[in-house]
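Chain by chain, the residues:
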Amino acid sequence: MAGPAMRIKDKERSEKRPSGQRWQGVAERGATSSALDFRLAQQEAFTQPRDREKGQEVPAIWYSALLDLRETSIAAFVKKLDGGLKAQLHIPSDYTAEDRKTVFKDKLVVVFATAEVLRALNWSEKEYSVASVILGAVIDPDFINLEAKQQKAALPTIKVPNGTVITAVIDDGIAFGNDVFRDGLTSTRVAYATVLPTMPGTAPGLASVGVELDKAQIDALLVANTSSKLLDEDRFYQQAGVIDYADGTFSPTSLRRSHGTHITALAAGYPMDAAPDDRPILCAILPTRVTEDVSGGSILPSLVLALHRLTRQAARFRCKDGTRPPAVFNFSYGNFGGPHDGTSAIARAIEDYFGPSGPHCDPDQELRLVLPAGNGNLSRTHAKLAFNGGGNRPAKTLDFVAMPDDRTASEVQLWMPYSGATPLPNFVTVRATTPDGLQSGPVSIAAGSYQSLLNDQGIEVARLSFAFAPLPTARGLITLTLNPTESLTPAPLAPAGRWKIEVTPDQIAPDEDVQVWVERDDTLPGFRRGGRQPYFNNANYERFDKYGAPLAVDPPGTDSLIRRAGTLSGFACGPSPLVIGALVQSNGKMSDYSAAGPITPPRGEPVAYRDGPDASARGDDSPVLLGVLSAGSRSGSMVRLNGTSVAAPRVARFTANKMATGADGDRAWVQAQAGLQDADFPPPTPEAIRTGAGRLDISAKEVSIGA
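Described in the following lines is the structure provided in the data block. (Residues numbered from 1 in each chain as written. Predicted model: local features only at pLDDT ≥ 70, side-chain atom pairs only at ≥ 80, totals over all residues. Heavy atoms only, no water.)

### Description of the environment of glycine 338
For clarity, the cut-off: Strands here are runs of E lasting at least two residues and helices are runs of H or I lasting at least four, both read from the DSSP assignment and numbered beginning at the N terminus. When accessible area is computed with a 1.4 Å probe and restricted to protein chains, residues below 20% of their type maximum are described as buried, those above 50% as exposed, and intermediate ones as partly exposed.
Looking at where glycine 338 falls in the secondary structure, it is placed in the loop between strand E16 (327–331) and helix H10 (345–354). Here glycine 338 falls in the buried class, since its relative accessible area comes to 14%. Sequence spacing of glycine 338 and tryptophan 415 is 77 residues, and the spatial spacing of their C-alpha atoms is 8.4 Å.

Below, the structure is given as structure tokens:
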């Protein structure tokens, strides 16, 4: 768990020394999102000086991004760009001619663009019919195939038996050559795999990024790398573009244990000699090339691109009776930030593909998405600020710990209440104080309001800013963004230590509150050290019970601003996905880390889309045997992982098996199943905001991967 076990009292601290830093206030700014403006400048400050010192030409920095287009088409948007900007923007070949000419009321479109293009859109969004820009991660332009051919609308049909259910997995490091994903020595059950983190030309395909492999291509690779009935798995993955030691990137598939392999095996793994012919697999391997991205890169553009590819592939399948088989998707990722009301960019993208009326939904094919509830219950990354009473209400202060040796950006999001007023009421004003005691001026609920922290060289290292999140969120957002606190090369660093965020009430009503989240910033297991998770650390937060065990729920009557309730993953707040928490199988209790609701109702709605997860399933075998077993990266190996990430694919597999026999497999169905199976566990049933409608007792026999 992040953070020190002991807190130093204020009076015991040494006297603060001046650091040469200063805050600078700005009353008006042309950028729609000041936080995005800061991130773009931040990456340049870290990478370009190194190129100049080496005497090299400073190259343009390319990013993946999501553009929120409004009342326009992709083609019309591109037409508005001048020639110079057009040359620095690439629309993925995945968007067909029909996709490009269709006018949408609103549409999230994946692009690859330079910082210059994204900065222009951020400063003149209305001119280009762009409501907002969601920044992804830095991408080496060598990984973008600018010559990729625009794909055709129609793809060949894949015939499958009646009763088929497709399993689709989006994750990192999926070792799809493992024998639990094969039905023969040189025959795969993977009908399609897209490998996003590889350079064009390292494997067959015409994709803008990564490669796309169908069953015939994977089988050919299996044949080419099998000798004496043994597959040379290292060479197989190198030829497939999954592992490339020469390009300096990292692939979890090269390790003994990889998250994606473990998850995919739980969702769709079978013994090779007993593999069914009616459980084809689709998989998308997400990029892990973020070691050079200090700006807090987001996987959202890659996720949307993966959804676009996999749903398009799923539509190719036809049963013998002419129907399209259902498909169950699993995405075992989560985050801490976002509005937590089901209106974030990722929630909207999910509804586009899985909602009942989404533009990408096919009424002839049932698609389901299973998501984890998140592991942030004990992370101290959520706070709730309520200002009850009238008169002169005091300010509330959050102690925010920015970790030393954090090589990526840190971010705190303060989400305001809803309001139909124009302009927005000045709900609160916010100030930030550095660990050295240097306090910023106030940032208010006003367009362009922000404060910059400059180091002794006049370079910005932190920013406190306000922005308005457009419809459908339609809420004010104040963001504190920090540079990394450490770098392997000289760079403008933010100060590590205990920051203070002071929130002073103004026009906020007694029944309204400010919801605060620290964005996820840790390093995934097996990866080179990058981010270190910052957290809140107010003195009145009770971490342990009287026996020294972690408190998994907020104590009754607590006055702490920091809360466990409300830590549900920001990805998992929409109305359609099946959201799964994690439990300890041996005693039926919720795993301490499993995140909880409630979430905020969306604008104009009386109730939220959900109270928390829909159900919970095995995430740990017992309190002393954490995690569950599943396939390792190499055939025949078994490894152990825990988390809501491993509970979700268990439910995905259960759902796929039941949909094969006619079950709906939607939220109402899984809630009903959880209610029926909860009696198999010892009482009492945990709180609904943590466990959902009940606990699913999915046996180990039903999830037999045969590794």
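Picking up after the structure, the text goes on.
### Observations concerning helix H5 (residues 115–123)
Put simply, the test is: Here, the arc refers to the directions that run from the helix axis to the C-beta atoms.
Listed in full, the buried residues belonging to H5 are Ala115, Val117, Leu118, Leu121 and Asn122. Looking straight down H5, one finds that the buried residues subtend no more than 160 degrees of arc, so they occupy a single side.

### A word on the packing of aromatic side chains
To keep it simple, the criterion reads: Between 30 and 60 degrees the pair is tilted, below 30 it is stacked and above 60 it is edge-to-face, where a pair is any two Phe, Tyr or Trp rings, Trp via its six-membered ring, whose centres lie within 6.5 Å. Placement of a positive charge over a ring is assigned whenever Lys NZ or Arg CZ falls within 6 Å of the ring centre and within 35 degrees of the normal to the ring plane.
Within this structure, the stated rule accounts for 8 aromatic pairs. For the pair phenylalanine 329 and phenylalanine 354, a centre-to-centre distance of 5.1 Å together with 80 degrees between the ring planes defines the contact as edge-to-face. With a gap of 25 residues between them, phenylalanine 329 in strand E16 and phenylalanine 354 in helix H10 connect regions that are remote in the sequence. Residues phenylalanine 329 and phenylalanine 354 agree in their burial class; the two are buried. Positioned over the ring face of tyrosine 418 is arginine 475, at 4.8 Å from the centre of the ring. Sitting over the ring of tyrosine 270, arginine 653 keeps its end group 4.4 Å from the ring centre.

### Some words on the nonpolar core
The test is simple: Residue types Ala, Val, Leu, Ile, Met, Phe, Trp, Tyr and Cys, when buried and joined through side-chain atoms within 4.5 Å, form a set referred to as a nonpolar core. The criterion used for residue contact is that any of the two residues' heavy atoms lie within 4.5 Å.
In this structure, Phe77, Leu121, Ile170, Leu282, Phe329 and Phe331 are the most contacted members of the largest nonpolar core, which totals 76 residues. At 8 residues, the largest contribution of residues to this core is made by helix H9 (residues 300–314). Contacts of leucine 282, omitting those with residues within four sequence positions, involve Ile166, Thr167, Ala168, Val169, Ala191, Tyr192, Leu310, Gln313, Ala314 and Phe317. Of all hydrophobic cores here, the second largest spans 37 residues; its members include Val430, Ala462, Trp499 and Ile562.

### Comments concerning the sheet that holds strand E10 (residues 190–195)
Rules: Two strands form a pair only when DSSP identifies at least two bridges running between them. Helix axes use the C-alpha atoms of the stretch in contact, all axes being lines fitted to C-alpha atoms, and the angles between their N-to-C directions lie in the range 0 to 180 degrees.
Read across the open sheet, the 8 strands follow the order E11-E10-E14-E7-E16-E17-E28-E29; overall the sheet is mixed. Looking at the sheet topology across the chains shown, the edges are occupied by strand E11 (211–214) and strand E29 (615–620). Geometrically, the sheet is characterised by an average inter-axis angle of 20 degrees between neighbouring strands, direction not taken into account. On top of the sheet, helix H8 (residues 259–268) reaches strand E7 (166–171), strand E14 (281–285) and E16; it is set at about 165 degrees to E7, its chief contact. Helix-sheet contacts for H9 involve E7, E10, E11, E14, E16 and strand E17 (367–372), and the interaxial angle to E7 is about 165 degrees.

### Structural notes on the pattern of salt bridges
Here is the rule: Only one rule defines a salt bridge in this text: a Lys or Arg side-chain nitrogen within 4 Å of an Asp or Glu carboxyl oxygen.
Counted by the stated rule, this structure contains 22 salt bridges. Residue glutamate 460 pairs with arginine 463 through a salt bridge whose shortest N-O separation is 2.8 Å. Considered together, glutamate 460 and arginine 463 belong to a single accessibility category, that of buried residues. Between aspartate 678 and arginine 695 there is a salt bridge, with its nearest N and O atoms 2.7 Å apart. Of the two residues, aspartate 678 is situated in the loop between helix H12 (667–677) and helix H13 (688–691) and arginine 695 in the segment after H13; the sequence distance between them amounts to 17 residues. Residue class for arginine 695 comes out buried when judged on its relative accessible area of 1%. Salt bridges here are not isolated pairs; linked through shared partners, they connect Asp68, Arg70, Asp106 and Arg348.

### Looking at the environment of valine 430
With respect to the element layout, valine 430 can be found in strand E21 (residues 428–433). Judged by relative accessible area, valine 430 falls into the buried class, the value being 0%. For valine 430 and glycine 441, which are 11 residues apart along the polypeptide, the C-alpha to C-alpha distance reads 8.3 Å. In this view, valine 430 contacts Leu414, Gly441, Pro442, Val443, Leu464, Ile478, Ile501, Glu502 and Val503; residues no more than four positions away in its chain are not counted.

### Topic: the packing of H8 against helix H11 (residues 644–659)
Heads up, the rule is: These descriptions rest on fixed angle ranges, namely under 35 degrees for roughly parallel, over 145 for roughly antiparallel, 65 to 115 for roughly perpendicular, and the rest for oblique. Note on convention: the crossing is left-handed when the near helix lies turned anticlockwise from the far helix by less than a right angle, right-handed when the turn is clockwise.
Interaxial distance between H8 and H11 falls to 7 Å at its minimum, and their mutual angle equals 30 degrees. Relative to H11, the element H8 lies roughly parallel. Read as a crossing pair, H8 and H11 show a hand that is right-handed. Residues His259, His262, Ile263, Ala265, Leu266, Ala267 and Ala268 of H8 lie in contact with H11, whose contacting residues are Ser645, Val646, Pro649, Arg650 and Arg653.

### What about the side chain of threonine 96?
Turning to its location among the elements, threonine 96 is positioned in the loop between strand E3 (89–90) and helix H4 (97–101). Apart from residues no more than four positions distant in its own chain, threonine 96 is found in contact with Gln150, Gln151, Lys152, Ala153 and Arg312.

### Description of the side chain of glutamate 233
What counts is decided by this rule: Counted charges follow a simple rule, with Lys and Arg positive, Asp and Glu negative, and His plus the chain ends left uncounted.
Within the fold, glutamate 233 resides in helix H7 (residues 233–240). This buried residue, glutamate 233, is left without a salt bridge; arginine 634 holds the nearest opposite charge, at 4.6 Å.

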